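Examination of the molecular architecture
Here is what each chain is made of, one letter per residue.
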Amino acid sequence: MKKFRILMGATALAMAAVAIVACSKEKTAQNETTTEQQPKNPNDYTLAEMAEAISWEDGKAFFENQPVKDYTAVCEMMLNDCEFAEKDSSSPNYIFGWHWATPAADCISQYKGFCFGIKQEANSSQSNARGCFVDGKLVIVPTTEENGFTDDGYLAIGAAIEIQNDSIVIQEGVYTAYYDEDEGRYVAVAVDYSIRK
């Protein structure tokens with residue numbers, strides 16, 4: 001009888017352990033499912049995640065064929081220039097659309113990037129960036145928290161963008177943004193441009 005009680009107790013313990021493990025696995029599976037179903041915030045995309053998430057129609061091929069252009073030295077030179085404050089006050093103001101641009105010139109708001117630009121009059125309160133021409137590049141400095149940079153510091157421009165009220169065309173490409181150690185964030189990016197004829 002004593003052996004029977006010990007055997008029954010051991011069986012009950014084993015069944016309890018199996019139930020606990022099964023319940024734990026079920027909760028883990030529920031948590032994973034919940035996490036996967038949550039939509040990704042565009043601000044959280046790295047360049048690789050954005051390239052993976054975007055459709056072929058919207059530009060997946062662009063990312064496969066586009067080398068990354070790193071002009072951060074130009075940004076650093078401009079931002080560390082002692083005369084930058086004086087140059088900055090005379091720099092053009094812009095309104096930029098910080099979204100991904102398709103070759104059809106549509107803005108897709110769920111992805112970061114750059115899809116349109118409008119040059120503003122001096123001292124415009126509507127502008128969200130300043131531009132400065134340095135060493136054959138346009139250095140863009142966002143003046144608001146919103147910018148087109150991916151979480152890992154890239155600006156993707158899927159098609160050439162003609163700036164309204166200006167003669168410049170910003171060239172397509174993937175550009176590395178400049179990270180300011182003191183501010184702890186990406187603060188500027190230098191891009192290629194041409195003059196519209």
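Look above for the structure.
Now for a look at the structure at hand. Since the structure is predicted, the reported quantities are computational estimates derived from the model, not experimental observations.

Counted under the stated rule, the structure contains one disulfide. At a sulfur-sulfur separation of 2.0 Å, the disulfide partner of Cys-107 is Cys-115. Residues Cys-107 and Cys-115 are joined by a disulfide whose S-S torsion is about 100°; by sign, that bridge is right-handed.

With antiparallel pairing, three strands are arranged side by side in an open sheet as β9-β10-β13. Two strands close off the open sheet at either side, each with one partner strand: β9 (161-162) and β13 (193-195). In terms of strand pairing, β9 meets strand β10 (residues 168-170) through two bridges, oriented antiparallel. Residue Ile-161 lies in a different strand from β10, and its bridge partner there is Ile-170.

Turning our attention to the packing of aromatic side chains. Per the counting criterion, the structure on display carries eleven aromatic pairs. Ring geometry for Trp-98 and Phe-114: centres 5.9 Å apart, planes at 65°, overall edge-to-face. You can see Trp-98 sitting in the loop between β2 (93-97) and β3 (100-101) and its partner Phe-114 sitting in the loop between β4 (107-108) and β5 (116-120), a full 16 residues away along the chain. Like Phe-114, Trp-98 is buried. Aromatic side chains Tyr-179 and Tyr-186 sit 5.0 Å apart centroid to centroid with 70° between the ring planes, which places their arrangement in the edge-to-face category.

Residue placement: Asn-93 occurs in strand β2. Classification of Asn-93 as buried rests on a relative accessible area of 5%. For Asn-93, the side chain forms a polar contact with the side chain of Arg-130, separated by 2.2 Å.

What follows is about helix α4 (residues 72-79). Turning to α4, its buried residues number three or more, namely Thr-72, Val-74, Cys-75 and Met-78. Buried residues in α4, looked at end-on, bunch into an arc of 155°, giving them a common side.

Further remarks concern unusual backbone geometry. A positive phi angle, close to 50°, is found at Asp-135, a residue other than glycine. The topology assignment puts Asp-135 in the loop between β6 (129-134) and β7 (137-142). By relative accessible area, Asp-135 is classed as exposed at 59%. Positive phi values are uncommon outside glycine, yet Asn-165 reaches one of about 65°. In this structure Asn-165 comes out as exposed when scored by relative accessible area, which is 60%.

In this section: the nonpolar core. Of all hydrophobic cores here, the largest spans 32 residues; its most connected members are Phe-114, Val-139, Ile-140 and Val-191. Residue assignment for this core shows that the elements contributing at least two residues are α4, β2, β6, β7, β8 (154-157), β10, β11 (173-180) and β12 (185-191). If you tally residues by element for this core, the top one is β12, at five residues. With residues near it in sequence (within four places) discarded, Val-191 still touches Lys-137, Leu-138, Ile-140, Leu-155, Ile-157, Ile-170 and Tyr-175.

Another point: the pattern of salt bridges. For the structure shown, the criterion picks out four salt bridges. Residues Lys-69 and Asp-192 are paired through a salt bridge, measuring 3.2 Å at the closest nitrogen-oxygen approach. Of this pair, Lys-69 sits in strand β1 (residues 68-69) while Asp-192 sits in the loop between β12 and β13, and the two are 123 residues apart along the sequence. Overlapping salt bridges, with partners in common, bring together Lys-69, Lys-137 and Asp-192 in one network.

Quick notes on the rules
Along each chain, the written sequence defines residue order, and numbers are assigned to residues from 1. For this predicted model, a pLDDT threshold of at least 70 governs which residues receive local features, and a threshold of 80 or more governs which side-chain atom pairs are given and counted, while totals over whole chains, interfaces and linings are taken from all residues. With hydrogens and water stripped out, all remaining heavy atoms of the structure feed into the side-chain values. Note on disulfides: each one is a pair of cysteine sulfur atoms within 2.5 Å. Pairs of strands are assigned from DSSP output, requiring at least two bridges between the strands. Only DSSP runs of H or I reaching four residues or more are called helices, and only runs of E reaching two or more are called strands; each is numbered from the N terminus. Two aromatic rings, drawn from Phe, Tyr or Trp (for Trp, its six-membered ring), form a pair once their centres lie within 6.5 Å of each other, and the interplanar angle then sorts them: stacked below 30 degrees, edge-to-face above 60, tilted otherwise. Residue exposure (1.4 Å probe, protein chains only): buried if accessible area is under 20% of the type maximum, exposed if over 50%, otherwise partly exposed. Here a polar contact is recorded for every N or O atom pair within 3.5 Å, except that within protein the pair must consist of a potential hydrogen donor and a potential acceptor, and residues adjacent in sequence are included only if both atoms are side-chain atoms. For this quantity, the arc is that covered by the directions from the helix axis to the C-beta atoms. Among buried residues, the Ala, Val, Leu, Ile, Met, Phe, Trp, Tyr and Cys ones that are joined through side-chain atoms within 4.5 Å form a nonpolar core. Residue contacts follow a heavy-atom distance rule, with two residues in contact if any of their heavy atoms lie within 4.5 Å. Between Lys or Arg on one side and Asp or Glu on the other, a salt bridge is scored when a side-chain nitrogen of the former is within 4 Å of a carboxyl oxygen of the latter.

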